[in-house]
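Results of the structural survey
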Amino acid sequence: MCGIVGYFGPLNPKDIILSGLKRLEYRGYDSAGVAIIHQGGLKRIRAEGKLVNLETKLKNEKFDGRLGIGHTRWATHGVPSERNAHPHLVKGLSLVHNGIIENYLEIREALQKRGADITSDTDSELVAHLLAEEVEKTKDLFKAVQNVLGMLRGAFSILAIWDQQPDQLVAFKDGPPLVVGIGKDEAFVVSDVQAVLQYTKKFIYLEDREIAVVKVGKVQIFSALGLRLEKPVVELNWTSEQVDKLGFAHYMLKEIYEQPQAVVAAMEPHIDLKNQSVRLKNVGFGHSPQSLDGLNSITDWQETQNIFAKIEKIFIVACGTSFYAGQIGKYLIENIAQLPVETDIASEFRYRKPIFSKNTLMISISQSGETADTLAAVRLAKEKGLTTLSICNVKNSTIDREASGHMYMNSGTEVGVASTKAFASTLTVLHCLTLALAKARGLLNIETEKDHILHLQKVPSQMEVVLAYDKYFAEAANSLKEFRGFLYMGRGVSYPIAMEGALKLKELAYLHAEGYAAGEMKHGPLALIDSRMAIVMVVPDDDLFEKSISNLEEARARGGKIISIGTVDNLRLKSVSDRYLGLPKAHWSITPLLSVIPLQLMAYHLANSLEYDVDQPRNLAKSVTVE
Ligand code: F6R
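One numbering rule holds for all chains: residues counted from 1, following each sequence as written. Side-chain atom pairs in this predicted model are given and counted only at pLDDT of 80 or more, local residue features only at pLDDT of at least 70, and totals for whole chains, interfaces and linings cover all residues. Here the side-chain values reflect all heavy atoms present in the structure, with hydrogen atoms and water set aside.

**Brief notes about the sheet that holds strand β6 (residues 93–101)**
Read from one edge to the other, the open sheet built from 7 strands follows the order β5-β6-β7-β8-β12-β13-β14, with strand pairing classed as antiparallel. Either end of the sheet is taken by a strand with one partner, and the two such strands are β5 (88–90) and β14 (228–229). Note: strand β12 (residues 210–215) against strand β13 (residues 218–223), 6 bridges, orientation antiparallel. Note that in β13 the partner of valine 213 across the bridge is glutamine 220. What makes two strands pair is DSSP finding at least two bridges between them. Under the scheme used here, helices are H or I runs from DSSP no shorter than 4 residues and strands are E runs no shorter than 2 residues, and both carry numbers assigned from the N terminus.

Okay, structure coming up:
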């Protein structure tokens, strides 16, 4: 996490860096800072808290240099404070760092023995000391970086500048993303292209242990050993998306309301509406994300089907909300495409020695495409010879680049740290993927395919209906204030939805909520139930309806208060609920796309009424690029 921006060029670095950091604030907002060349030295300004605090401090500051670096922090080592904020500055050498230096204890000890004056609690400052020592010896920042690279263990991306060479910036990474943007007589080095898309569309993506040296009008990339590398310059055809709240009070609320469009955008490439059939568009197994547009869609679809026809098992691996989407994918794929699916949290998968067999597909899901554990899981799967397919929102992100096949959420930028619209997009993509797998396996007759597509096509308008009930969700949220704990429950596809609902409440309203499979209630959680415990139960009209009603009766009998989310006009459900929220009737495979909305909105309204920052909840960051 943490966002980093470096700039070298004719414009004012302060403005470019600040505007870049604004677009990267989703990566961390504990503190921020800049270091910019000024009057032959380095002027550093830092502030604790959100970027706006730094902006205020910088308002009347002037810099005469054209080179600078900036950082917005998500704290790993050391509390959020100004003294732990980046850039770190040691004897004219300044750096910003995203990641974790794992061998920081031994480095710290060695530096202390050599008398280094360490002023923060961070691992990052130690790298600045190492680099300062090395520039002292080598008199060259690039050489110093080469020497220091071998001393570091962990996951890091770093930008360094030195006041004795005010005409160059050196960047290097091992783990978290780093991209060099190429402009006319200027260059940018950033964690995410979003930071500078308004200035350039040309980028070089750095791979691990590569070093970029940025000088006037010149960007050179080297291996750790100093070999000059010819790297492709990728030209993105993205517009710099205007991320605006469009009149909504928060990005999160806007993004919840964007879900109908998100579903359309996710399914559009893969569904032939005229013929009511599924045909995945340019999954491009074995091709890079940049080359997908040049593929012949008919040939690509044929190749994708050939690969899918051979698949015997699937792993779905992700973190957080993406993981819950993946769990719903398991129900879809097992039921419709009849393939065994194992789902796993990426941080478990990568360390648990899973048993791999032939003809296994590993689907990774990541909105950011940068989540460190999910990326490690993809690498492990590749190493074990699995076919990998990523579902990402950010095109060209590291996971997208490393996976063999590519599918996209197409959600547009998601700014709210709590994921909402990307969840809806992922479910839609998984639905299309499930139909494609079933088709490739000869399990989808024309009628069933048409039915599924019809169900999917109805989702956007059904979502609009759900969103129109927002005031009831706000009322329900208000009633949640009196409870001390929350049990979110569901069965089948509603079980991951219960977990997602509980996660939203935890991360936004800072309240303890557990997501549970309703059938598990008797095996422990029932002991928690009393009148101060709210049961939020997702109960669509499906095959498991009666079983869910029994669970609700059991909870009610123990004094639990029931908030149910079911199908409109279901009087039976209404009769066992203290508060009942009825949604449009939908096919079982579609219900998650609808039932998640009241849970998102209840968490949003509750957090908002408690005056918490819903777009940037405490302690969190949007892109988790460290383990
Ligand atoms: C929760 C949330 C997180 C992310 C998780 C994975 O609202 O946003 O749980 O879903 O950090 O992130 P990605 O999808 O970027 O890999």
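There is more to say, and it comes next.
**Some words on the side chain of aspartate 30**
Along the chain, aspartate 30 turns up in the loop between α1 (13–24) and β2 (31–38). Each residue is placed in one exposure class: buried if its accessible area under a 1.4 Å probe, protein chains only, is under 20% of its type's maximum, exposed if it is over 50%, and partly exposed if it falls in between. Residues scored as positive are Lys and Arg, those scored as negative are Asp and Glu, and His as well as the terminal groups of each chain are ignored. Within this document, salt bridges are pairs made up of a side-chain nitrogen of Lys or Arg and a carboxyl oxygen of Asp or Glu, the two lying within 4 Å of each other. At 5.6 Å, arginine 73 is the nearest oppositely charged side chain to aspartate 30, a buried residue that forms no salt bridge. For aspartate 30, the side chain forms a polar contact with the main-chain nitrogen of alanine 75, separated by 2.7 Å. Only heavy atoms enter the contact rule, under which two residues are in contact if any of them lie within 4.5 Å. Excluding residues that lie within four positions of it along the chain, aspartate 30 makes contacts with Glu48, Gly49, Arg73, Trp74, Ala75 and Pro80. Two N or O atoms form a polar contact when they lie within 3.5 Å of each other; inside protein one atom must be a possible hydrogen donor and the other a possible acceptor, and for residues adjacent in sequence the pair counts only when both atoms belong to side chains.

**Some remarks on the site of the ligand**
Any residue with at least one heavy atom within 4 Å of a molecule or strand is counted as near it. Near the ligand, the surroundings consist of 14 residues, among which Ser322, Ser366, Ser368, Thr371 and Glu507 are the closest. Here an oxygen atom of the ligand sits 2.7 Å away from a polar atom, N or O, in the main chain of glutamine 367. One nitrogen or oxygen atom from the side chain of lysine 504 is found 2.7 Å from an oxygen atom belonging to the ligand. Surface accessibility in these figures is a Shrake-Rupley result with a 1.4 Å probe; residues are shielded only by whichever protein chains are displayed. Protein chains bury 90% of the 410 Å² of accessible surface belonging to the ligand in isolation. Judged by its atoms lying within 2 Å of the grid points, the ligand is housed in the second largest pocket. Of all the elements in the fold, those that place two or more residues in the shell around the ligand are α9 (320–337) and α16 (494–509). Looking at the shell around the ligand residue by residue, the classes come out as 4 nonpolar, 8 polar and 2 charged. A cavity here means a set of points on a 1 Å grid, drawn over the protein atoms and nothing else, where a 1.4 Å probe fits but cannot get out; a pocket is an open set with protein on both sides within 12 Å along at least five of seven lines, and a residue lines either one if it has an atom within 4 Å of a point. A molecule is counted as occupying a cavity or pocket when more than half of its atoms fall within 2 Å of that pocket's grid points. Gly is put with the polar residues, along with every residue not named as nonpolar or charged; the nonpolar set is Ala, Val, Leu, Ile, Met, Phe, Trp, Tyr, Cys and Pro, and the charged set is Asp, Glu, Lys and Arg.

**Remarks on the domain arrangement of the chain**
Start and end positions for the domains come from either an automated domain assignment or a database one. For the chain, the assigned domains read domain 1 (3–241), domain 2 (244–466) and domain 3 (469–609). Using only C-alpha atoms to locate each centre, domain 1 and domain 3 end up separated by 46 Å.

**Topic: the pattern of salt bridges**
Counted according to the given criterion, the structure contains 31 salt bridges. The partner of glutamate 207 in a salt bridge is arginine 401, and the shortest N-O contact between them spans 3.0 Å. Within this pair, whereas glutamate 207 is found in the loop between β11 (202–205) and β12, its partner arginine 401 is found in helix α12 (residues 398–402), the two being separated by 194 residues in sequence. The exposure class of glutamate 207 is partly exposed, given its relative accessible area of 32%. For glutamate 258, the salt bridge is made with lysine 421, and the minimal N-O distance between the two is 2.7 Å. Of this pair, glutamate 258 sits in the loop between α6 (251–257) and α7 (259–267) while lysine 421 sits in helix α13 (residues 421–440); the two residues are 163 residues apart in sequence, bridging distant segments of the chain. The same class applies to glutamate 258 and to lysine 421, which are both buried. It is possible to trace a salt-bridge network through shared partners that takes in Lys173, Asp208, Arg379 and Glu402.

**Points about helix α19 (residues 591–609)**
Between the first and last residue of a helix there are one fewer steps than residues, each counted as 1.5 Å, and that sum is the expected span. Along its 19 residues, α19 runs 28 Å from first to last C-alpha, staying within 8% of the 27 Å computed at 1.5 Å per residue. Positioned one or two residues after α19, glutamate 611 has a phi angle of 65°, which is positive.

**So, the environment of valine 466**
Tracing the backbone through its elements, the reader meets valine 466 in helix α14 (residues 446–468). For the pair formed by valine 466 and asparagine 12, sequence separation is 454 residues and the distance between their alpha carbons is 47 Å. Setting aside its immediate chain neighbours within four residues, valine 466 contacts Phe473, Leu583, Pro584, Leu594, Ile597 and Pro598.

**What about the layout of surface pockets?**
Approximately 590 Å³ is the volume found for the second largest pocket. If you trace the second largest pocket, you find 28 residues lining it, with Gly320, Thr321, Ala621, Lys622 and Val624 closest to the centre. Of all the secondary structure elements, the ones that give two or more residues to the lining of the second largest pocket are α9, β20 (360–366), α11 (372–383) and α16. A per-class count over the lining of the second largest pocket returns 12 nonpolar, 10 polar and 6 charged. Both domain 2 (244–466) and domain 3 (469–609) contribute no fewer than three residues apiece to the lining of the second largest pocket. Grid points are joined across faces, edges and corners, and a volume is the space filled by probe spheres set on the points.

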